[in-house]
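Examining the three-dimensional arrangement
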Amino acid sequence: MEAKYNKGNLIILNSFGLLLRDDGNEAKIGIVISGPRNYMHSQEILELFYWVYDVMIGNQLITDVPQEFIDRMVKDEENIK
């Protein structure tokens, strides 16, 4: 899978994404503040590779957010099945 996001991309949060904010954080938009990094998680019989990013939501920094998680934070909820 290729990296989807770049540093500077804006992320408009859906209701799932809004749940990730700290108390008192009213931001509805996030920004990708790092380029993609390849992250590896290894278990005895399985190795997982995926893209991760750092995302700033208001004054809250969330590090090493997997690309699939960002997709879930912004996906149009009306089209989720």
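Scroll up for the structure.
The following refers to the structure shown. (Residues numbered from 1 in each chain as written. Predicted model: local features only at pLDDT ≥ 70, side-chain atom pairs only at ≥ 80, totals over all residues. Heavy atoms only, no water.)

Along the polypeptide, Gly17 turns up in helix α1 (residues 15-19). Given the relative accessible area of 0%, Gly17 is considered buried. Separated by 46 residues in sequence, Gly17 and Thr63 have C-alpha atoms that sit 15 Å apart. (Helix = DSSP H or I, 4+ residues; strand = E, 2+ residues; numbered from the N terminus. Buried < 20%, exposed > 50% of the residue type's maximum accessible area, 1.4 Å probe, protein only.)

Our next topic: the pattern of salt bridges. As enumerated under the stated definition, the model contains three salt bridges in all. Among the ionic pairs, Lys4 bridges to Asp71, the shortest N-O distance being 3.0 Å. In this pair, Lys4 sits in the segment before β1 (10-12) while Asp71 sits in helix α2 (residues 67-74), placing the two residues 67 residues apart along the sequence. The class of Asp71 is buried, set by a relative accessible area of 17%. The partner of Asp54 in a salt bridge is Arg37, with the nearest N and O atoms 3.0 Å apart. Taken together, the positions of Asp54 in strand β4 (residues 47-57) and Arg37 in strand β3 (residues 37-42) put the pair 17 residues apart, joining distant regions of the chain. A residue is classified by how much of its surface remains accessible, and Asp54, at 16% relative accessible area, is buried. (Salt bridge = Lys/Arg side-chain N within 4 Å of Asp/Glu carboxyl O.)

Another point: the nonpolar core. Listed in full, the eleven residues of the largest apolar core are Tyr5, Ile11, Leu13, Ala27, Val32, Tyr53, Val55, Ile57, Val65, Ile70 and Met73. Among the elements of the structure, β4 and α2 are those that each provide at least two residues to this core. Beyond its immediate stretch of four places on either side in the chain, Met73 contacts Ile12, Leu13, Asn14, Phe16, Gly17, Leu20, Ile57 and Val65. (Core = buried A, V, L, I, M, F, W, Y, C linked by side-chain atoms within 4.5 Å. Contact = heavy atoms within 4.5 Å.)

Moving on to the packing of aromatic side chains. Counted under the stated rule, the structure contains three aromatic pairs. Geometrically, the ring pair formed by Tyr5 and Tyr53 is edge-to-face, given 5.6 Å between the ring centres and 90 degrees between the ring planes. Here Tyr5, found in the segment before β1, pairs with Tyr53, found in strand β4; they are 48 residues apart in sequence, far enough to count as distant. A relative accessible area of 13% means that Tyr5 is categorised as buried. Both rings, one in Phe16 and one in Phe69, keep their centres 5.4 Å apart while their planes meet at 70 degrees; by these two values the pair is edge-to-face. One end of the pair, Phe16, is in helix α1; the other, Phe69, is in helix α2, with 53 residues separating them in the sequence. The partly exposed category is assigned to Phe69, whose relative accessible area is 31%. Positioned over the ring face of Phe16 is Arg72, at 4.1 Å from the centre of the ring. (Phe/Tyr/Trp six-rings, centres within 6.5 Å; stacked < 30°, edge-to-face > 60°. Lys NZ or Arg CZ within 6 Å of the ring centre and 35° of its normal.)

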